[in-house]
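Report on the structure
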Amino acid sequence: MPRRQWAKVPRVYGRITPGELGLIVNEDDPYSVQVGSHYAKVRGIPDSRILRVSLPVRGTLSAAEFARLEERVNQFFGERVQGLALAWKQPFAVECNSITGALTMGFDAKLCSSTCAPSRPSSYFGSHSTRPLADHGMRLSMLLAAPDVGQAKALIDRGAQSDGTLGLRGGLPARVHFVTTPDEVRSRRQVLFPPAGPVPQFGLDVSLDKTAGVRDVDRVLMYLTGAVSVPHLDKVGFLPGALADHLTSFGGLLDRPTGQMNVLSWIEAGATASYGTTSEPCAHLQKFPHPQALLLFYVQGASALEAYWKSVQWPQQGLFVGEPLAAPFAR
(Lines give C-alpha, C1' and ligand atoms only; values in the text may rest on other atoms or scores of the structure.)
Protein backbone atom coordinates (compact mmCIF):
# COMPACT_ATOMS: atom_id res chain seq x y z
CA MET A 1 0.00 0.00 0.00
CA PRO A 2 1.28 3.53 -0.77
CA ARG A 3 2.44 5.63 2.17
CA ARG A 4 -0.52 7.22 3.92
CA GLN A 5 -0.85 10.97 3.58
CA TRP A 6 -3.27 13.59 4.75
CA ALA A 7 -5.61 14.85 2.06
CA LYS A 8 -6.05 18.54 1.29
CA VAL A 9 -9.47 20.12 1.53
CA PRO A 10 -10.49 23.75 1.02
CA ARG A 11 -10.34 26.15 3.95
CA VAL A 12 -13.83 26.85 5.22
CA TYR A 13 -14.94 29.92 7.16
CA GLY A 14 -18.24 29.78 9.00
CA ARG A 15 -21.05 27.25 8.96
CA ILE A 16 -24.81 26.86 8.66
CA THR A 17 -26.40 28.35 11.78
CA PRO A 18 -29.85 27.89 13.39
CA GLY A 19 -31.02 30.99 11.57
CA GLU A 20 -30.37 29.26 8.22
CA LEU A 21 -32.11 25.95 9.04
CA GLY A 22 -35.69 24.92 8.39
CA LEU A 23 -37.63 22.24 10.23
CA ILE A 24 -40.29 19.91 8.80
CA VAL A 25 -42.79 18.17 11.08
CA ASN A 26 -45.23 15.41 10.07
CA GLU A 27 -48.43 16.17 11.96
CA ASP A 28 -49.70 12.62 11.36
CA ASP A 29 -46.79 11.14 13.34
CA PRO A 30 -46.70 11.53 17.16
CA TYR A 31 -42.92 10.90 17.12
CA SER A 32 -42.45 13.76 14.66
CA VAL A 33 -44.61 16.19 16.60
CA GLN A 34 -42.77 15.59 19.88
CA VAL A 35 -39.28 15.52 18.36
CA GLY A 36 -39.96 18.57 16.22
CA SER A 37 -41.20 20.53 19.22
CA HIS A 38 -38.08 19.67 21.20
CA TYR A 39 -35.78 20.53 18.31
CA ALA A 40 -37.44 23.89 17.73
CA LYS A 41 -37.07 24.73 21.42
CA VAL A 42 -33.43 23.62 21.74
CA ARG A 43 -32.22 25.24 18.51
CA GLY A 44 -34.52 28.26 18.54
CA ILE A 45 -36.32 27.52 15.28
CA PRO A 46 -39.30 29.93 15.00
CA ASP A 47 -42.72 28.95 13.64
CA SER A 48 -41.96 30.91 10.48
CA ARG A 49 -39.35 28.27 9.58
CA ILE A 50 -41.35 25.19 10.59
CA LEU A 51 -43.29 23.48 7.80
CA ARG A 52 -46.04 21.17 9.03
CA VAL A 53 -47.05 18.45 6.58
CA SER A 54 -49.16 15.29 6.42
CA LEU A 55 -47.16 12.24 5.34
CA PRO A 56 -47.69 8.46 5.50
CA VAL A 57 -45.86 7.00 8.49
CA ARG A 58 -44.06 4.24 6.58
CA GLY A 59 -40.60 3.62 5.24
CA THR A 60 -40.94 4.59 1.59
CA LEU A 61 -42.78 7.28 -0.33
CA SER A 62 -43.85 6.88 -3.92
CA ALA A 63 -42.56 9.32 -6.50
CA ALA A 64 -45.98 11.01 -6.60
CA GLU A 65 -46.15 11.39 -2.82
CA PHE A 66 -42.67 12.84 -2.79
CA ALA A 67 -43.47 15.29 -5.58
CA ARG A 68 -46.24 16.80 -3.44
CA LEU A 69 -43.90 17.09 -0.47
CA GLU A 70 -41.15 18.64 -2.58
CA GLU A 71 -43.55 21.24 -3.98
CA ARG A 72 -44.63 22.26 -0.48
CA VAL A 73 -41.03 22.45 0.72
CA ASN A 74 -39.99 24.67 -2.17
CA GLN A 75 -43.02 26.94 -1.83
CA PHE A 76 -42.69 27.33 1.93
CA PHE A 77 -38.94 27.78 2.31
CA GLY A 78 -37.97 29.29 -1.02
CA GLU A 79 -34.43 30.61 -0.61
CA ARG A 80 -34.76 31.34 3.11
CA VAL A 81 -32.84 28.33 4.44
CA GLN A 82 -29.68 26.46 3.49
CA GLY A 83 -30.59 23.21 5.27
CA LEU A 84 -33.48 21.18 6.65
CA ALA A 85 -34.06 19.03 9.73
CA LEU A 86 -36.67 16.34 9.08
CA ALA A 87 -38.33 15.47 12.41
CA TRP A 88 -39.19 11.81 11.84
CA LYS A 89 -37.68 8.36 11.31
CA GLN A 90 -40.17 7.27 8.63
CA PRO A 91 -40.38 7.88 5.69
CA PHE A 92 -36.65 7.49 5.03
CA ALA A 93 -36.78 6.69 1.29
CA VAL A 94 -38.40 7.71 -1.97
CA GLU A 95 -38.48 4.49 -3.96
CA CYS A 96 -34.73 3.63 -4.19
CA ASN A 97 -33.54 7.14 -3.24
CA SER A 98 -33.04 8.19 0.35
CA ILE A 99 -35.39 10.95 1.41
CA THR A 100 -32.43 13.19 2.25
CA GLY A 101 -30.94 12.53 -1.18
CA ALA A 102 -34.22 13.26 -2.95
CA LEU A 103 -34.98 16.44 -1.00
CA THR A 104 -31.46 17.80 -1.46
CA MET A 105 -30.71 16.76 -5.05
CA GLY A 106 -34.11 15.92 -6.54
CA PHE A 107 -35.62 12.47 -7.06
CA ASP A 108 -33.74 10.27 -9.54
CA ALA A 109 -36.13 7.63 -10.92
CA LYS A 110 -33.57 6.30 -13.40
CA LEU A 111 -31.32 5.11 -10.59
CA CYS A 112 -33.96 2.62 -9.47
CA SER A 113 -33.49 0.51 -12.60
CA SER A 114 -29.91 -0.20 -11.51
CA THR A 115 -29.05 0.89 -7.97
CA CYS A 116 -25.48 -0.37 -8.33
CA ALA A 117 -24.81 2.13 -11.10
CA PRO A 118 -23.03 5.43 -10.46
CA SER A 119 -25.51 8.03 -9.20
CA ARG A 120 -25.63 11.78 -9.65
CA PRO A 121 -22.44 13.49 -8.48
CA SER A 122 -22.81 16.17 -5.86
CA SER A 123 -21.22 19.50 -6.73
CA TYR A 124 -21.08 20.16 -2.98
CA PHE A 125 -18.62 17.30 -2.41
CA GLY A 126 -15.39 18.84 -1.10
CA SER A 127 -16.78 22.35 -1.42
CA HIS A 128 -15.65 25.38 0.58
CA SER A 129 -19.21 26.77 0.50
CA THR A 130 -21.19 27.52 3.64
CA ARG A 131 -24.28 28.41 1.57
CA PRO A 132 -25.13 25.22 -0.32
CA LEU A 133 -28.49 26.40 -1.66
CA ALA A 134 -27.14 29.72 -2.86
CA ASP A 135 -23.93 28.28 -4.31
CA HIS A 136 -24.94 24.77 -5.40
CA GLY A 137 -28.75 24.73 -5.58
CA MET A 138 -28.78 22.14 -2.75
CA ARG A 139 -30.86 22.57 0.40
CA LEU A 140 -29.08 20.02 2.59
CA SER A 141 -31.25 17.73 4.69
CA MET A 142 -30.80 15.41 7.66
CA LEU A 143 -33.21 13.08 9.45
CA LEU A 144 -33.75 13.46 13.21
CA ALA A 145 -34.14 9.71 13.59
CA ALA A 146 -33.62 7.64 16.73
CA PRO A 147 -35.12 4.41 18.10
CA ASP A 148 -37.72 6.34 20.13
CA VAL A 149 -38.72 9.85 21.20
CA GLY A 150 -36.59 9.82 24.35
CA GLN A 151 -33.47 8.88 22.43
CA ALA A 152 -34.25 11.47 19.75
CA LYS A 153 -34.43 14.18 22.41
CA ALA A 154 -31.12 12.96 23.85
CA LEU A 155 -29.62 13.09 20.34
CA ILE A 156 -30.76 16.69 19.92
CA ASP A 157 -29.38 17.64 23.33
CA ARG A 158 -26.01 16.03 22.51
CA GLY A 159 -25.78 18.04 19.35
CA ALA A 160 -26.49 21.34 21.06
CA GLN A 161 -24.17 20.52 23.97
CA SER A 162 -21.30 19.77 21.59
CA ASP A 163 -21.03 23.22 20.06
CA GLY A 164 -17.59 24.76 20.50
CA THR A 165 -16.35 22.12 22.96
CA LEU A 166 -13.40 20.62 21.04
CA GLY A 167 -10.07 21.76 19.66
CA LEU A 168 -9.53 24.06 22.62
CA ARG A 169 -6.00 24.79 23.80
CA GLY A 170 -5.08 22.56 26.71
CA GLY A 171 -8.02 20.22 26.19
CA LEU A 172 -7.78 16.45 26.14
CA PRO A 173 -7.52 15.00 22.62
CA ALA A 174 -10.57 13.61 20.89
CA ARG A 175 -10.09 10.10 19.53
CA VAL A 176 -10.70 9.10 15.91
CA HIS A 177 -10.99 5.40 15.07
CA PHE A 178 -10.70 4.38 11.43
CA VAL A 179 -11.26 0.62 11.44
CA THR A 180 -10.35 -2.11 8.96
CA THR A 181 -12.37 -5.25 9.70
CA PRO A 182 -11.88 -8.81 8.37
CA ASP A 183 -14.65 -7.97 5.85
CA GLU A 184 -12.46 -6.92 2.90
CA VAL A 185 -15.26 -5.61 0.66
CA ARG A 186 -16.83 -3.45 3.36
CA SER A 187 -13.39 -2.26 4.49
CA ARG A 188 -12.51 -0.70 1.15
CA ARG A 189 -12.39 2.77 2.69
CA GLN A 190 -9.16 1.86 4.43
CA VAL A 191 -7.28 3.04 1.31
CA LEU A 192 -8.53 6.56 2.18
CA PHE A 193 -7.44 6.57 5.82
CA PRO A 194 -4.81 9.13 6.91
CA PRO A 195 -1.68 8.34 8.92
CA ALA A 196 -2.18 7.31 12.52
CA GLY A 197 -1.00 9.48 15.39
CA PRO A 198 -1.62 12.76 17.19
CA VAL A 199 -2.86 15.81 15.27
CA PRO A 200 -2.14 18.53 17.85
CA GLN A 201 -3.39 21.47 15.78
CA PHE A 202 -6.91 20.02 15.99
CA GLY A 203 -6.65 18.24 19.31
CA LEU A 204 -7.03 14.78 17.80
CA ASP A 205 -5.50 11.35 18.20
CA VAL A 206 -6.07 9.15 15.13
CA SER A 207 -6.00 5.36 15.44
CA LEU A 208 -5.99 2.90 12.55
CA ASP A 209 -7.48 -0.25 14.04
CA LYS A 210 -7.61 -3.74 12.57
CA THR A 211 -10.42 -5.44 14.42
CA ALA A 212 -14.07 -6.48 14.15
CA GLY A 213 -14.91 -3.65 16.51
CA VAL A 214 -13.11 -1.37 18.95
CA ARG A 215 -13.98 -1.56 22.64
CA ASP A 216 -13.11 0.02 25.98
CA VAL A 217 -12.39 3.41 24.39
CA ASP A 218 -13.62 6.84 25.40
CA ARG A 219 -13.63 10.42 24.09
CA VAL A 220 -14.49 9.07 20.64
CA LEU A 221 -15.24 11.79 18.09
CA MET A 222 -15.33 9.62 14.98
CA TYR A 223 -15.67 5.89 14.33
CA LEU A 224 -15.77 4.72 10.72
CA THR A 225 -15.73 1.05 9.84
CA GLY A 226 -17.03 -1.53 7.37
CA ALA A 227 -19.14 -4.43 8.57
CA VAL A 228 -22.57 -6.01 8.40
CA SER A 229 -22.87 -5.36 12.13
CA VAL A 230 -20.56 -3.60 14.59
CA PRO A 231 -19.92 -5.30 17.95
CA HIS A 232 -19.14 -3.76 21.35
CA LEU A 233 -20.91 -0.43 20.80
CA ASP A 234 -21.83 -0.48 24.47
CA LYS A 235 -18.08 -0.36 25.20
CA VAL A 236 -17.50 2.87 23.23
CA GLY A 237 -17.70 6.27 24.91
CA PHE A 238 -18.78 8.83 22.32
CA LEU A 239 -18.25 12.55 22.78
CA PRO A 240 -21.21 14.87 22.17
CA GLY A 241 -21.07 15.67 18.46
CA ALA A 242 -19.53 12.30 17.49
CA LEU A 243 -19.90 11.01 13.93
CA ALA A 244 -20.00 7.26 13.23
CA ASP A 245 -21.00 4.98 10.38
CA HIS A 246 -20.36 1.57 8.83
CA LEU A 247 -20.06 0.75 5.15
CA THR A 248 -22.69 -1.87 4.35
CA SER A 249 -25.60 -2.15 1.92
CA PHE A 250 -28.67 -1.38 4.03
CA GLY A 251 -27.62 0.78 6.96
CA GLY A 252 -30.28 3.30 5.94
CA LEU A 253 -33.24 0.88 6.00
CA LEU A 254 -34.96 1.72 9.28
CA ASP A 255 -38.27 -0.13 9.15
CA ARG A 256 -37.43 -3.83 8.95
CA PRO A 257 -34.73 -6.39 9.69
CA THR A 258 -32.25 -6.92 6.85
CA GLY A 259 -29.60 -8.99 8.60
CA GLN A 260 -27.49 -5.83 8.74
CA MET A 261 -27.18 -3.22 11.48
CA ASN A 262 -28.84 0.08 10.66
CA VAL A 263 -27.70 3.57 11.60
CA LEU A 264 -30.06 3.85 14.57
CA SER A 265 -27.69 1.55 16.48
CA TRP A 266 -25.03 4.27 16.26
CA ILE A 267 -27.50 6.87 17.55
CA GLU A 268 -28.55 4.56 20.39
CA ALA A 269 -24.88 4.08 21.31
CA GLY A 270 -24.34 7.83 21.62
CA ALA A 271 -23.28 9.08 18.20
CA THR A 272 -24.71 12.43 17.11
CA ALA A 273 -24.82 11.79 13.35
CA SER A 274 -24.48 8.82 11.01
CA TYR A 275 -24.99 7.70 7.42
CA GLY A 276 -26.30 4.61 5.63
CA THR A 277 -27.75 3.68 2.26
CA THR A 278 -31.41 2.85 1.62
CA SER A 279 -30.95 0.65 -1.47
CA GLU A 280 -28.17 -1.64 -2.68
CA PRO A 281 -25.30 0.71 -3.58
CA CYS A 282 -22.62 -1.92 -4.24
CA ALA A 283 -19.23 -1.06 -2.79
CA HIS A 284 -18.65 2.23 -4.63
CA LEU A 285 -16.49 4.35 -2.37
CA GLN A 286 -18.15 7.44 -3.84
CA LYS A 287 -21.47 6.42 -2.25
CA PHE A 288 -20.05 6.52 1.29
CA PRO A 289 -18.39 9.23 3.38
CA HIS A 290 -14.76 9.91 2.54
CA PRO A 291 -13.03 9.52 5.93
CA GLN A 292 -10.60 12.39 5.61
CA ALA A 293 -13.06 14.82 4.04
CA LEU A 294 -15.56 14.13 6.83
CA LEU A 295 -12.98 14.70 9.53
CA LEU A 296 -11.16 17.67 8.01
CA PHE A 297 -14.29 19.69 7.28
CA TYR A 298 -15.68 18.93 10.74
CA VAL A 299 -12.55 20.09 12.59
CA GLN A 300 -12.64 23.35 10.64
CA GLY A 301 -15.92 24.18 12.36
CA ALA A 302 -18.48 22.80 9.92
CA SER A 303 -21.74 21.44 11.27
CA ALA A 304 -22.44 17.71 11.17
CA LEU A 305 -24.87 18.39 8.30
CA GLU A 306 -22.22 20.12 6.20
CA ALA A 307 -19.32 17.80 7.05
CA TYR A 308 -21.29 14.68 6.12
CA TRP A 309 -22.68 16.16 2.90
CA LYS A 310 -19.25 17.50 1.85
CA SER A 311 -17.80 13.99 2.26
CA VAL A 312 -20.08 12.00 -0.08
CA GLN A 313 -19.53 12.27 -3.81
CA TRP A 314 -22.61 10.26 -4.92
CA PRO A 315 -25.15 10.78 -2.10
CA GLN A 316 -28.46 9.97 -3.81
CA GLN A 317 -29.01 6.69 -1.93
CA GLY A 318 -27.45 7.89 1.31
CA LEU A 319 -29.55 8.66 4.37
CA PHE A 320 -28.03 11.41 6.52
CA VAL A 321 -29.20 10.95 10.11
CA GLY A 322 -28.51 13.01 13.23
CA GLU A 323 -28.54 16.50 14.70
CA PRO A 324 -27.68 18.75 11.77
CA LEU A 325 -26.24 21.74 13.61
CA ALA A 326 -23.81 19.94 15.92
CA ALA A 327 -20.47 21.76 15.58
CA PRO A 328 -17.94 20.88 18.29
CA PHE A 329 -15.11 22.79 16.58
CA ALA A 330 -17.16 25.94 15.93
CA ARG A 331 -15.66 29.26 17.01
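Notes on the structure follow. Because the structure is a prediction, the values reported are computed rather than measured.

**Some thoughts on the overall build of the protein chain**
Helix and strand counts for the protein chain stand at 8 helices and 14 strands. In summary, the protein chain has a C-alpha radius of gyration of 18 Å against a globular reference of 20 Å for 331 residues, a match within 12%. Seen along its three principal axes, the alpha-carbon backbone of the protein chain occupies a region of about 50 × 45 × 35 Å. Residues counted as buried form 58% of the 331 residues belonging to the protein chain. Partitioning the contacts of the protein chain with sequence separation of at least 6, the portion at a separation of at least 24 is 76%. For the protein chain, the accessible surface area stands at approximately 12600 Å², while carbon and sulfur atoms represent 51% of it.

**Observations concerning the packing of helix α1 (residues 30-43) against helix α5 (residues 149-162)**
Direction vectors running N to C along α1 and α5 enclose 20 degrees, while the axes themselves pass 10 Å from each other. What the angle tells us is that α1 and α5 run roughly parallel. Every pair of crossing elements has a handedness; the one defined by α1 and α5 is right-handed. Side by side, α1 and α5 meet where Y31, Q34, V35, H38, Y39, V42 and R43 of the first sit next to V149, A152, K153, I156, D157, G159 and A160 of the second. When grouped by side-chain class, the residues that make up the contact of α1 with α5 number 8 nonpolar, 3 polar and 3 charged.

**A closer look at the state of the cysteines**
The final tally for this structure, using the stated rule, is 2 disulfides. A disulfide bridge connects C96 with C112, and the sulfur atoms are separated by 2.2 Å. Taking the torsion about the sulfur-sulfur bond, which here is approximately -90 degrees, the covalent link between C96 and C112 counts as left-handed. Here C96, found in the loop between β5 (93-94) and β6 (97-98), pairs with C112, found in the loop between α3 (99-105) and α4 (132-136); they are 16 residues apart in sequence, far enough to count as distant. With relative accessibility at 29%, the residue C112 sits in the partly exposed group. Covalent S-S linkage joins C116 and C282, the inter-sulfur distance amounting to 1.8 Å. One disulfide, between C116 and C282, carries an S-S torsion of 60 degrees and so falls in the right-handed class. Here the residue C116 occupies a position in the loop between α3 and α4, and C282 occupies one in the loop between β13 (273-277) and α7 (291-299), the gap between them amounting to 166 residues. Looking at C282, the relative accessible area reads 29%, which means it is partly exposed.

Reading the values: rules and limits
- Residues numbered from 1 in each chain as written.
- Predicted model: local features only at pLDDT ≥ 70, side-chain atom pairs only at ≥ 80, totals over all residues.
- Heavy atoms only, no water.
- Helix = DSSP H or I, 4+ residues; strand = E, 2+ residues; numbered from the N terminus.
- Rg over C-alpha atoms; globule rule 2.2 N^0.38 Å.
- Buried < 20%, exposed > 50% of the residue type's maximum accessible area, 1.4 Å probe, protein only.
- Contact = heavy atoms within 4.5 Å.
- Areas by Shrake-Rupley, 256 points an atom, 1.4 Å probe, with all protein chains shown as cover.
- Axes fitted to C-alpha atoms, helices over the stretch in contact; angles between N-to-C directions.
- Parallel < 35°, antiparallel > 145°, perpendicular 65-115°, else oblique.
- Left-handed = near helix turned anticlockwise from the far one by under 90°.
- Nonpolar A, V, L, I, M, F, W, Y, C, P; charged D, E, K, R; others polar.
- Disulfide = S-S within 2.5 Å.

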